[in-house]
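# Results of the structural survey
One-letter residues, chain by chain:
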Amino acid sequence: MLPLAMGVPLAGPLTPEMQTKLRKIRYCVIGIFVAAAGRLATGDMPFNELLSGINGVFLLRDDPWLVACHSCLAGSPLGQCAGAGGGGLSCLMPFLFLSSFNCIFLVFRLTYGGPFILVSFCCQSMGALLAWRLNYLVTLAAVGDLNTTGQGQPLTQPLTAMRMFPQPRLDELEPGLGRGGGAGGLPGRGGRAQGQGAQGQQGGQQPGGGFTAFSGYAQRLGEEAPAATT
């Protein structure tokens, strides 16, 4: 019976379709209390029906048929279980869960439990179905309110900014920075060749024929080869 959070709260008023679902749930709650009274009269303890029915009363706190019952329960110690708001749509999910679980347990007693077990099963199964549909409508309305207020917009802004302002490549920032390995640039093929040539000059000539190791010239595509020196 403790209210559970719905995930996305509903900020606006209830739509006519939501109010229709609540009016149908009202008859289910009344039927649950009738089944609980019948089971109690036949010597059975309707503990699950009482929990589901009381939760339904807190759910229908604004219903004119149950406003007196809600006022009585809100003034009792059970009113603390409805939360600070005193019920409402915050009790929708608990009513859905309790009614669904009660229907699962009542299935095994339909053949020998008596007529009030059948009445309780029908009312709670219909109430759970209506509560599930109502929760679907509330979730859609709450998500629509978030989209209209623009709270979901910052999630798409970084991607939009990347498409509107593409980042330039590294070669376009400075002409000297490229694969050639200029000052501060990324070392490319030319940079590796120049580094190897410098290491060869520091190492000196290798024995045999006056050949100098790593004395080549790194030539880029489109550049003219330097004149040979003797």
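Refer to the structure printed above.
Okay, so let's go over this structure. For every chain, the first residue of the written sequence is number 1, and numbering continues from 1 onward in sequence order. Reporting of local features is limited, given that this is a predicted model, to residues whose pLDDT is at least 70; pairs of side-chain atoms are given and counted only at 80 or more, and all residues count toward the totals for whole chains, interfaces and linings. Derived side-chain values reflect all non-hydrogen atoms in the structure, with water molecules and hydrogen atoms excluded from consideration.

Looking only at helices and strands, the chain has 8 helices and 0 strands in total. When the helices and strands of the chain are listed from N to C terminus, the series reads α-α-α-α-α-α-α-α. Within the span of the chain, comprising 230 residues, buried residues form 30% of the whole. Summarising the internal contacts of the chain: among those between residues at least 6 apart in sequence, 66% fall at separations of at least 24. For the chain, the exposed surface amounts to about 15,100 Å²; the carbon and sulfur share of it is 63%. Counting from the N terminus, the helices are DSSP H or I runs at least four residues long and the strands are E runs at least two residues long. The buried label applies to any residue whose accessible area, calculated with a 1.4 Å probe on protein chains only, is under 20% of its type's maximum; exposed applies above 50%, and partly exposed to all values in between. By definition, residues are in contact when any of their heavy atoms lie within 4.5 Å. The method behind every accessible area is Shrake-Rupley, applied with a 1.4 Å probe, and residues are considered shielded solely by the protein chains displayed.

This part covers the environment of Val-57. On the secondary structure map, Val-57 appears in helix 2 (residues 47-59). Residues Val-57 and Phe-95, spaced 38 residues apart in sequence, show a C-alpha to C-alpha distance of 9.7 Å. With sequence-adjacent residues up to four places away left out, Val-57 is seen in contact with Val-29, Phe-33, Leu-66, Cys-69, His-70 and Leu-73.

Turning our eyes to something else, we now look at the packing of aromatic side chains. Planes of paired rings set the category: under 30 degrees apart is stacked, over 60 is edge-to-face and the rest tilted, where pairs are Phe, Tyr or Trp rings (Trp by its six-membered ring) whose centres lie within 6.5 Å. Applying the stated criterion across every chain yields a total of 1 aromatic pair. Judged by centre distance (5.6 Å) and plane angle (85°), the rings of Tyr-27 and Trp-65 are edge-to-face. One end of the pair, Tyr-27, is in helix 1 (residues 16-41); the other, Trp-65, is in the loop between helix 2 and helix 3 (67-74), and 38 residues separate them in sequence. When its relative accessible area of 49% is taken as the criterion, Tyr-27 is described as partly exposed. Classification of Trp-65 as exposed rests on a relative accessible area of 51%. Two limits define a charge over a ring: the Lys NZ or Arg CZ must be within 6 Å of the ring centre, and within 35 degrees of the ring normal. The lysine or arginine in question, Arg-26, covers the ring of Tyr-27, its NZ or CZ lying 5.4 Å from the ring centre. The side chain of Arg-26 reaches across the aromatic face of Trp-65, ending 4.1 Å from its centre.

What follows concerns the nonpolar core. Here is a general trend for soluble globular proteins: nonpolar side chains tend to be buried in one another's company. Counting 27 residues, the largest nonpolar core has Ile-25, Val-29, Leu-59, Phe-95 and Leu-134 as its most contacted members. Elements with a minimum of two residues in this core: helix 1, helix 2, helix 4 (92-107) and helix 5 (115-149). With 7 residues, the single largest contributor to this core is helix 5. Not counting the four nearest positions on each side in its chain, Leu-59 is found in contact with Leu-22, Ile-25, Gly-88, Leu-89, Cys-91, Leu-92 and Phe-95. Residues enter a nonpolar core if they are buried and are Ala, Val, Leu, Ile, Met, Phe, Trp, Tyr or Cys, with the set joined through side-chain atoms within 4.5 Å.

Let us look at the pattern of salt bridges. The salt bridge criterion pairs a side-chain nitrogen of Lys or Arg with a carboxyl oxygen of Asp or Glu, the two atoms within 4 Å. Applying the stated criterion to the full structure yields 5 salt bridges. Two residues, Asp-44 and Arg-109, come together in a salt bridge whose shortest N-O distance is 3.1 Å. Taken together, the residues span a long stretch of sequence, with Asp-44 in the loop between helix 1 and helix 2 and Arg-109 in the loop between helix 4 and helix 5 at a distance of 65 residues. On the basis of relative accessible area, Asp-44 is assigned to the partly exposed category, the value being 23%. Judged by relative accessible area, which is 27%, Arg-109 ranks as partly exposed. Counted as one network, the salt bridges with shared partners bring together Arg-39, Asp-44, Glu-49 and Arg-109.

Bringing helix 4 into the picture now. A helix is expected to span 1.5 Å multiplied by its residue count minus one. With 16 residues, helix 4 extends 23 Å from end C-alpha to end C-alpha; this agrees with the ideal 22 Å at 1.5 Å per step. Those residues of helix 4 lying buried are Leu-92, Met-93, Pro-94, Phe-95, Leu-96, Ser-99, Asn-102, Cys-103 and Leu-106.

With that settled, the discussion passes to the side chain of Asn-102. You can see Asn-102 is positioned in helix 4. With a relative accessible area of 6%, Asn-102 lands in the buried category.

This part takes up the packing of helix 2 against helix 4. Axis definition: a line fitted to C-alpha atoms, limited for helices to the stretch in contact. Angles are taken between N-to-C directions and run from 0 to 180 degrees. Between helix 2 and helix 4, whose axes approach to 9 Å, the crossing angle comes to 155°. Relative to helix 4, the element helix 2 lies roughly antiparallel. Relative to helix 4, helix 2 is oriented so that their crossing is left-handed. Between helix 2 and helix 4, the contacting residues are Asn-48, Glu-49, Leu-51, Ser-52, Asn-55, Gly-56 and Leu-59 on the first element and Leu-92, Pro-94, Phe-95, Leu-98, Ser-99, Asn-102 and Leu-106 on the second. Nonpolar residues are Ala, Val, Leu, Ile, Met, Phe, Trp, Tyr, Cys and Pro. Charged residues are Asp, Glu, Lys and Arg, and all others, Gly as well, are polar. Taken together, the residues of the contact of helix 2 with helix 4 break down into 7 nonpolar, 6 polar and 1 charged. Under this scheme an angle from 65 to 115 degrees is roughly perpendicular, one under 35 degrees roughly parallel, and one over 145 degrees roughly antiparallel; angles in between are oblique. Left-handed describes a crossing whose near helix is turned anticlockwise from the far helix by less than a right angle; the clockwise case is right-handed.

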